[in-house]
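Descriptive structure summary
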Amino acid sequence: MGLGYLTTIGTLVCIYAILAISLNIISGYAGQASLGHAAFFGIGAYASALLTLKLGIGFWVAAPLAMMAAGAIGAVVGVISLRIKGDFLAVTTIGINFVIVTVFEYSDFFGGAYGIMGIQYPTLFGVKISKGYYLLMCLGFVGLCALFSLLVSKSWLGLALEAIRENEAAAEASGINCAKFKIIAFAFGCAWAGLAGVLFAHFMRFITPNDFAFPISITIVAMMVVGGIGTLRGPILGALLMAALPELLRPLANYRLLFYGGLIVLMTRFQPQGLFGDKAFILRMLLGRGPRSMRHSGD
Amino acid sequence: MMKGIGTKELIVVWIAAVMVAGIGGPSSPAAAQPIKIGLMAPLTGPAAADGLSAKQSCEMLVEQVNAAGGINGRKIELIVYDDQFDSKQAVTVAQKMIEGDKVVAGVSGSYSFTTRAAAQVFQEEKIPFSVGYALHPAITEGGKYVFRVTVLGHVQGRAGGYAAGNLLKVKTVSMLIQDNDFGQSLASGFREQAEGLGVKVLSADKFKMGEKEFSPVLTKIKQLNPDLIYNTAYPIDGALILKQAADLGIKTQQMGSEGLDSTKGFLDVAGKAAEGIIITTNLDRDSKAEITRKYLDEYQKKYGFAPDMTGASTYDALLMVIDAIKKVGTDADKIVDAFRAMKGWQGVTGQIQAFTPQGEVIKNVELQVVRSNVFRHFGVVSDLKLLTP
Amino acid sequence: MVQQFLNGIITGSLYALIAVGLTMVYGILRILHIAHAAVFVGGAYIGLVAYTFTGSLVLALIAAAAGCSVLGYLIQRYLYTPMLTEERIVPLIASVGLFILCEDLFRLLGGPYIRAFKVDLWFEKIAFLEAVVTAHQVLILITTAVCLLVVYAVISKTKLGLAWQATAQDMDTARAMGVNIRQVVTFNFIIASSIAAIAGVMTAINYNSVLPTMGSVISYKMFAIVVLGGMGSIPGTVVASLIIGMSETFMSAYFGFIMPRDAIAFTAMILILIVRPQGLFGRAR
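The paragraphs below set out a description of the structure included in this document. (Residues numbered from 1 in each chain as written. Chains lettered and ligands numbered in written order. Predicted model: local features only at pLDDT ≥ 70, side-chain atom pairs only at ≥ 80, totals over all residues. Heavy atoms only, no water.)

1. Thoughts on the overall build of chain B
Basically, it comes down to this: We count a stretch as a helix when DSSP gives it H or I for four or more residues in a row; a strand needs E for two or more, and each element gets its number in order from the N terminus. Radius of gyration here is computed from C-alpha atoms only, and the compact-globule reference equals 2.2 Å multiplied by the residue count raised to the power 0.38. Note on exposure labels: buried denotes an accessible area under 20% of the residue type's maximum, exposed denotes more than 50%, and partly exposed covers the range between, all computed with a 1.4 Å probe on protein chains only. Only heavy atoms enter the contact rule, under which two residues are in contact if any of them lie within 4.5 Å. Note that accessible areas follow from Shrake-Rupley with a 1.4 Å probe, and for residues the cover is restricted to the protein chains shown. Charge assignment: positive for Lys and Arg, negative for Asp and Glu; neither His nor the chain ends contribute. The location of each charge is read from NZ of Lys, CZ of Arg, CG of Asp or CD of Glu.
Each helix and strand in chain B was counted, giving 13 helices and 15 strands. Its C-alpha atoms give chain B a radius of gyration of 24 Å, near enough to 21 Å, the size a compact globule of 389 residues would have. When burial is assessed residue by residue, chain B has 63% of its 389 residues classed as buried. Contacts spanning at least 24 positions in sequence make up 69% of the contacts within chain B whose residues lie at least 6 apart. Just so you have it, chain B exposes about 14,000 Å², and 57% of that area is on carbon and sulfur atoms. Of note, chain B has its 42 positive side-chain charges centred 2 Å away from the centre of its 41 negative side-chain charges.

2. A few points about the overall build of chain A
Of the regular secondary structure elements, chain A holds 12 helices and 4 strands. The globule rule puts the C-alpha radius of gyration for 299 residues at 19 Å, and the 19 Å found for chain A is close to it. With the principal axes as the frame, chain A shows a C-alpha extent of 50 × 45 × 35 Å. Burial statistics for chain A: of 299 residues in total, 63% are counted as buried. Of the contacts formed within chain A by residues at least 6 apart in sequence, a portion of 74% connects residues at least 24 apart. Put simply, chain A shows about 11,100 Å² of open surface, and 71% of that area lies on carbon and sulfur atoms. For chain A, the centre of its 19 positive side-chain charges and the centre of its 11 negative side-chain charges are spaced 7 Å apart.

3. Structural notes on the nonpolar core
Defined as follows: Residues belong to one nonpolar core when they are buried, are Ala, Val, Leu, Ile, Met, Phe, Trp, Tyr or Cys, and are joined through side-chain atoms within 4.5 Å.
By size, the foremost hydrophobic cluster in this structure holds 339 residues, and its most contacted members are Ile207 of chain A together with Ile37 and Phe266 of chain B. If we skip the residues at most four places from it in the chain, Phe266 of chain B touches Pro235, Gly238, Ala239, Leu242, Leu260, Ala274, Ile277, Val370 and Phe375 of chain B.

4. Focus on the interface of chain C and chain A
Short version of the rule: Summed over both partners, buried area is the accessible surface (1.4 Å probe) that two parts give up on being assembled. When a carboxyl oxygen of Asp or Glu lies within 4 Å of a side-chain nitrogen of Lys or Arg, that pair is called a salt bridge. Think of a polar contact as two N or O atoms within 3.5 Å of one another; within protein, one of them needs to be a possible hydrogen donor and the other a possible acceptor, and neighboring residues in sequence only count if both atoms come from side chains.
Contacts between the two partners involve 46 residues from chain C, matched on the other side by 33 residues from chain A. Across the chain C/chain A interface, buried area totals approximately 3,500 Å², and carbon plus sulfur atoms make up 78% of it. Of all residues in chain C, the largest losses of buried area upon contact with chain A belong to Ile89, Ile93 and Pro277 of chain C, amounting jointly to 16% of the total for that side. Remark: the boundary between chain C and chain A carries 1 salt bridge. The salt bridge partner of Asp87 of chain A is Arg88 of chain C, with a shortest N-O separation of 2.3 Å. Remark: the boundary between chain C and chain A carries 8 residue pairs in polar contact (both at pLDDT 80 or more).

5. A word on the packing of helix H5 (residues 131-154) of chain A against helix H6 (residues 156-166) of chain A
Residue and element names in this part refer to chain A. Heads up, the rule is: As a rule, the C-alpha atoms of each element are fitted with a line to give its axis, helices using only the stretch in contact, and angles between N-to-C directions run from 0 to 180 degrees. Roughly parallel covers angles under 35 degrees, roughly antiparallel covers those over 145, roughly perpendicular covers 65 to 115, and oblique covers all other angles. Throughout this entry, Asp, Glu, Lys and Arg are counted as charged residues, while Ala, Val, Leu, Ile, Met, Phe, Trp, Tyr, Cys and Pro are counted as nonpolar. The remaining residues, Gly among them, count as polar.
It is at 4 Å that the axes of H5 and H6 come closest, and there the two elements cross at 70°. As judged from the angle between their axes, H5 and H6 are roughly perpendicular. The residues of H6 that touch H5, namely those facing Val152, Ser153 and Lys154, are Trp156, Leu157, Gly158 and Leu161. Residues of the contact of H5 with H6, tallied by class, amount to 4 nonpolar, 2 polar and 1 charged.

6. Overview of the sheet that holds strand E13 (residues 361-363) of chain B
Residues and elements named next belong to chain B. Our working rule: A pair of strands is labelled paired if DSSP reports no fewer than 2 bridges between them.
Taken in spatial order, the 3 strands make up an open sheet running E11-E12-E13, and their pairing is antiparallel. Each edge of the sheet is formed by a strand with only one pairing partner; in this case those strands are strand E11 (345-347) and E13. Neighbour to neighbour, the strand axes of the sheet diverge by 45° on average, direction disregarded. Pairing of strand E12 (residues 350-355) with E13, which is carried by 3 bridges, proceeds in the antiparallel orientation. Bridging from a neighbouring strand, Ile352 pairs with Lys363 of E13. Docked against the sheet, helix H11 (residues 309-328) engages E11, E12 and E13, running at close to 140° with respect to E11.

7. Things to note about the pattern of salt bridges
In the structure shown here, the tally under the stated rule is 28 salt bridges over all chains. Close ionic contact of Arg165 of chain A with Glu166 of chain A constitutes a salt bridge, the shortest N to O distance being 3.1 Å. Taking the relative accessible area as the measure of exposure, Glu166 of chain A reaches 54% and is therefore exposed. With its nearest N and O atoms 3.1 Å apart, the salt bridge here joins Asp286 of chain B to Arg376 of chain B. Residue Asp286 of chain B is found in the loop between strand E10 (278-281) and helix H10 (290-303), and its partner Arg376 of chain B is found in strand E15 (residues 374-381); the two are separated by 90 residues along the sequence. In this structure Arg376 of chain B comes out as partly exposed when scored by relative accessible area, which is 38%. Members of the salt-bridge network, linked through shared partners, are Glu211 of chain B together with Lys221, Glu248, Arg261 and Asp262 of chain C.

In structure tokens, the structure reads:
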């Protein structure tokens with residue numbers, strides 16, 4: 001096993017982990033279905049690529065700007081979620097994913113179908129970051145994102161979001177401004193997806209609209225669900241498992257995709273709360289007793 | 001529980017193990033170690049058909065070379081990895097074959113964006129990478145270790161425009177452009193050349209890969225009544241364009257690109273609607289070259305159906321690597337120099353005139369016409385001015 | 001104009017055939033049934049095999065419908081029903097996994113290459129009012145009409161259909177009133193999967209092709225139609241299918257493909273939902 005091979009997989013796992021954690025803020029904490037998270041992943045990637053290439057801005061300035069761009073458009077989706085709810089919202093976010101990818105694909109400004117080439121690795125104090133350090137940097141960002149997610153869930157914001165998830169009407173009645181909190185959840189979640197996009201663009205150095213299409217959104221949702229929705233460890237471990245799975249299944253050659261699909265079916269069928277969720281058999285085995293809630297809520 | 005296995009048996013097993021290790025292990029001479037060459041192709045996922053064509057062609061070639069004694073006594077081992085039509089997996093796979101398997105060269109039997117992503121890795125690791133049929137213009141921008149054995153989309157498009165204006169002498173054309181890099185680079189070359197020859201483009205409509213319903217656009221084109229309809233579709237989409245045009249009673253001459261160069265995907269689906277269409281490609285079915293004849297016959301014999309452009313191009317990409325290694329050994333820089341010096345090299349998909357400094361090939365574009373549901377020779381575009389990128 | 005109108009109707013009819021089953025599943029179980037597209041592709045393959053062996057289109061349709069009914073029943077019984085109490089996103093992901101599994105299974109069984117599905121009918125095409133319709137398209141129109149009428153008749157006239165309506169309204173109340181929910185759900189999947197199978201065969205004949213990935217666009221795009229129709233409303237879905245079929249056709253005919261067909265469908269859906277968040281025929285929930 002080469003080091004570069006493992007570094008590549010590791011970096012991709014980190015990027016997916018940020019995506020899954022950030023989606024969990026929207027879907028796990030606030031309970032809003034989103035099947036278009038890859039669109040915000042793409043917005044971050046394209047924003048950072050264009051800012052660094054066309055305007056010559058450095059990575060460290062472009063990254064927060066790209067996050068803001070993704071967060072701002074995420075907030076717009078938050079506004080839409082005030083009007084369109086439940087499964088209607090879920091399918092609407094699929095639509096948003098398609099529309100945004102189409103914008104990338106059909107406008108020359110975004111490179112069209114050829115994508116954007118020549119994106120550079122970031123530099124730190126004038127020195128180009130090597131692949132190994134890039135992985136460390138991505139790991140650092142996963143840590144930051146996890147910390148942010150933890151703070152959200154422990155704070156009054158987390159309590160408000162949970163109230164919205166459990167019963168929106170009741171939350172509204174008890175004086176919670178649901179509209180505000182929903183928009184905040186979407187904005188924060190999408191901003192972090194934007195950061196994942198930044199990391200992806202500068203790692204791959206070549207992006208096409210295809211990299212942010214709807215199937216990627218589904219992959220992110222699957223990571224969150226397979227890991228355990230609503231927890232923090234769930235999305236992280238789910239991303240680790242699902243992003244490494246295509247490589248782990250490589251010895252199966254021709255049957256790789258078959259097993260990949262089959263494993264998703266089995267995991268959701270027999271561990272619907274997630275492999276690392278509160279009721280997961282893995283946790284029960286590790287802890288040696290019945291399910292113990294590790295949820296953020298004060299139960 | 002250890003009762004069943006006694007000391008005696010353990011000794012026997014141990015001796016057997018040592019013997020097996022002794023036969024297969026370090027005692028074999030280093031010279032007989034196989035030469036490893038990597039192949040990446042989309043074997044699962046949406047482009048699995050092209051991936052299989054590429055893989056089968058390469059496996060056939062390796063069998064042939066190994067049966068003939070390999071390269072200077074050393075066998076070739078083909079390391080095949082699936083990129084699943086995903087640029088992330090392409091990068092991972094490229095790393096894996098370079099570091100894990102220590103391949104001396106890589107071959108792409110995959111699409112544009114996966115190949116573009118992998119090319120970067122090969123360039124960085126300084127391993128030669130030979131590209132079969134991916135047409136993205138920036139693939140060879142990576143650097144000197146990346147080569148492409150098929151002509152650029154823009155060049156092939158120019159050849160199509162030349163054929164339209166000079167050979168078919170059409171005055172007006174309607175274009176159906178697939179909206180990816182493949183379709184658009186072909187279309188831009190076609191348009192540039194055709195308009196230069198005074199052909200008027202009446203309409204240019206984009207469509208997405210996998211589009212099935214062309215009737216609305218064809219109905220519009222029917223009213224425009226052009227002399228030629230040019231499309232840059234892949235097999236099934238192109239077959240449906242022809243079929244639906246025929247259904248609407250459109251009798252206009254049709255032209256396509258190497259995207260349609262597929263027997264199973266295109267000819268079988270289009271059926272008699274394909275009659276008379278002209279395509280620009282690199283595989284001449286009526287070629288007199290022995291290597292091409294041999295490839296066409298043996299592929300048909302081995303796999304039971306006629307091969308397509310993707311298979312033939314990837315075959316050539318691998319064959320070039322093998323020929324270079326035969327000449328100069330397995331050193332990466334020497335292979336790259338050997339590539340550059342390959343003037344007049346004859347492959348299944350025609351003769352290579354030269355490589356540009358960028359690593360793009362200069363070679364003829366074949367024109368094939370469909371007669372009685374088979375591709376036949378129609379002409380060849382060999383004007384160097386058109387063919388140099 | 002007449003030709004474009006016909007093109008739109010035919011596209012819309014094929015959409016309706018697929019989407020009606022999806023909306024029925026949603027109406028009862030509230031599951032976004034992505035794997036419906038796998039049932040659709042399965043229908044096309046079973047139909048192709050049956051047609052190759054028997055040479056009869058009717059037998060091919062029956063075989064496809066029967067085979068897919070079994071497939072649909074298995075999906076419902078062993079995958080969806082045990083998951084009904086979970087978070088709504090869980091069965092969706094299970095369904096995605098199943099779709100990936102089935103698509104790859106079809107590739108392994110049928111090979112990755114496209115297979116032609118050529119069926120000759122009594123005539124090839126008819127021309128009227130400057131427009132041309134092929135025999136295959138006429139067949140699609142007739143089949144869609146028959147299928148939709150059968151669904152309508154069964155649901156509004158039979159006892160099982162009434163039970164279906166009650167369950168779609170409110171499953172708990174229906175159960176309390178003595179409706180056999182299990183029977184209704186089974187019946188629901190059999191009807192939905194049979195129609196999907198017929199749609200698969202019709203699509204395959206119309207485009208003379210069967211391939212493992214022919215369901216990938218279908219898998220998500222049909223949701224635009226189902227949502228537009230109001231999620232669970234059968235007449236709404238039919239109307240939405242025709243609206244989407246027509247708007248795609250006229251957009252591409254008069255403006256060219258300024259954006260991909262799928263983006264047109266989803267843009268139409270988003271615009272209509274912003275005005276009517278419960279869809280065209282949906283009840284506000």
